[in-house]
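# Coordinates in review
Chain by chain, the residues:
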Amino acid sequence: AQTVTQSQPEMSVQEAETVTLSCTYDTSESDYYLFWYKQPPSRQMILVIRQEAYKQQNATENRFSVNFQKAAKSFSLKISDSQLGDAAMYFCAYRGNTGTASKLTFGTGTRLQVTL
Amino acid sequence: DTEVTQTPKHLVMGMTNKKSLKCEQHMGHRAMYWYKQKAKKPPELMFVYSYEKLSINESVPSRFSPECPNSSLLNLHLHALQPEDSALYLCASSQEREFGGGYTFGSGTRLTVV
């Protein structure tokens, strides 16, 4: 079974600074997808960024980028120029590429605080 | 339309009540999901529907009864719940065979059982 681990329960960053959230996972599959979701107090899970395991190039979405290390099974999220609106719970998630409607497995989450 | 709509947003029910949660999407997604999320915890998968058929039940108690009347609608019927069932219930949908697309989530129903 796949597992996703986020070892940082809480992180804090000053506005305009950069922060990196860590995520590791365990899988025996060679083809899969990794995601970072953001859940603000409004409750809705919002997709921040995704990475296909077969792609070596790290995904980037504006201020958000990932460092994907397939051999190390590591998938960290870097947030540059942090903004107050980035404050939220961040979940790393894994989805395999086999079977129908394959399940999304979440890590335990990292709560990000953004300070002035 | 790129949204998953959940109603109601908040629900308070007694342990003897029967209520239903509703989830709707019009993105043509053929997989739909129910998740339960307790405070400060990740979402836990409850049910998966694929092409309107139940494909995964994560050993959920029978007091939760899912239903998928059509490809756009997903219901969760609740009966004889316990206070520990109080949680945020999230619905999500995804493309059936495009696994890289992730899920689209609704904003959830905050359920309180009294």
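This report concerns the structure included in the present document.

So, how was this worked out
The numbering scheme is per chain: residues are counted from 1 as the chain's sequence reads. Here every chain gets a letter starting at A, and every ligand a number starting at 1, in the order they are written. With the structure being a predicted model, the display of local features is reserved for residues of pLDDT at least 70 and the display and counting of side-chain atom pairs for 80 or more, all residues being used for whole-chain, interface and lining totals. Side-chain measures were taken over the full set of non-hydrogen atoms in the model, leaving aside hydrogen atoms and water. Residue types Ala, Val, Leu, Ile, Met, Phe, Trp, Tyr and Cys, when buried and joined through side-chain atoms within 4.5 Å, form a set referred to as a nonpolar core. Here the term buried applies to any residue with accessible area under 20% of the maximum for its type, exposed to any over 50%, and partly exposed to those in between, with areas from a 1.4 Å probe on protein chains only. The helix and strand labels rest on DSSP assignments: H or I over at least four residues marks a helix, E over at least two residues marks a strand, and numbering proceeds from the N terminus. Contact definition: two residues touch when any of their heavy atoms are within 4.5 Å. Two cysteine sulfurs form a disulfide in these notes if their separation is within 2.5 Å. When DSSP finds at least two bridges between two strands, those strands are taken to pair. Angular values range over 0 to 180 degrees, each being the angle between N-to-C directions of two axes fitted as lines to C-alpha atoms, with helices fitted over their stretch in contact. Centre distance within 6.5 Å is the pairing criterion for rings of Phe, Tyr and Trp, where only the six-membered ring of Trp is used; planes under 30 degrees apart are then read as stacked, over 60 as edge-to-face, and the remainder as tilted.

## As for the nonpolar core
If you look at the biggest cluster of nonpolar residues, it comprises 25 residues, and the most contacted ones within it are Y25, W36, F75, L77 and Y90 of chain A. At the level of elements, strand 3 (19-21), strand 5 (32-39), strand 6 (46-52), strand 8 (64-69), strand 9 (74-79), strand 10 (88-96) and strand 12 (110-115) of chain A are the ones that each hand at least two residues to this core. Per element, the largest residue contribution to this core is 4 residues, and it comes from strand 10 of chain A. Counting 23 residues, the second-largest nonpolar core is a separate cluster that includes M32, F64, C68 and L76 of chain B.

## Regarding unusual backbone geometry
With an omega dihedral of -10 degrees, the bond running from T7 of chain B to P8 of chain B counts as a cis peptide bond. Its place among the elements puts P8 of chain B in the loop between strand 1 (4-7) and strand 2 (10-13). The phi angle at K73 of chain A is positive, at roughly 55 degrees, despite the residue not being glycine. Looking at the secondary structure, you find K73 of chain A in the loop between strand 8 and strand 9. Positive phi outside glycine occurs at S59 of chain B, with the angle close to 55 degrees. Looking at the secondary structure, you find S59 of chain B in the loop between strand 6 (53-57) and strand 7 (64-70).

## Quick look at the environment of A53 of chain A
All names here are of chain A. Assignment of secondary structure puts A53 in the loop between strand 6 and strand 7 (60-61). Taking the C-alpha atoms as reference points, A53 and N67, 14 residues apart in sequence, are found 12 Å from one another. When near neighbours in sequence (up to four residues on either side) are disregarded, A53 contacts S30, Y32, F68 and K70.

## Brief notes about the state of the cysteines
Residue and element names in this part refer to chain A. Taken as a whole, this structure holds 2 disulfides over all chains when the rule is applied. In this model, C23 is linked to C92 through a disulfide, with the two sulfur atoms separated by 2.0 Å. Handedness here is read from the sign of the S-S torsion; for C23 and C92, about -70 degrees, the answer is left-handed. On the criterion of sequence distance, the pair formed by C23 in the loop between strand 3 and strand 4 (24-26) and C92 in strand 10 is long-range, its members being 69 residues apart. For the pair shown, C23 and C92 are each scored as buried.

## A look at the sheet that holds strand 7 of chain B
Residues and elements named next belong to chain B. Sheet architecture is open: 4 strands sit in the order 1-3-8-7, paired in antiparallel fashion. Lying at the two open borders of the sheet, with one neighbouring strand each, are strand 1 and strand 7. For this sheet, the mean angle separating the axes of adjacent strands, direction not counted, is 20 degrees. Bridge analysis of strand 7 against strand 8 (residues 73-79) gives 5 bridges, and the strand direction is antiparallel. Following the sheet pairing, F64 is matched in strand 8 by L78.

## Considerations on the packing of aromatic side chains
All names here are of chain A. Summed over all chains, the structure comprises 16 aromatic pairs over all chains. Between Y25 and Y32 the ring centres are 5.4 Å apart and the planes differ by 65 degrees, which places this aromatic pair in the edge-to-face class. Per residue, the accessibility class of Y25 equals that of Y32, and both read buried. On the numbers, 6.2 Å between centres and 40 degrees between planes, the contact of F35 with Y37 is tilted.

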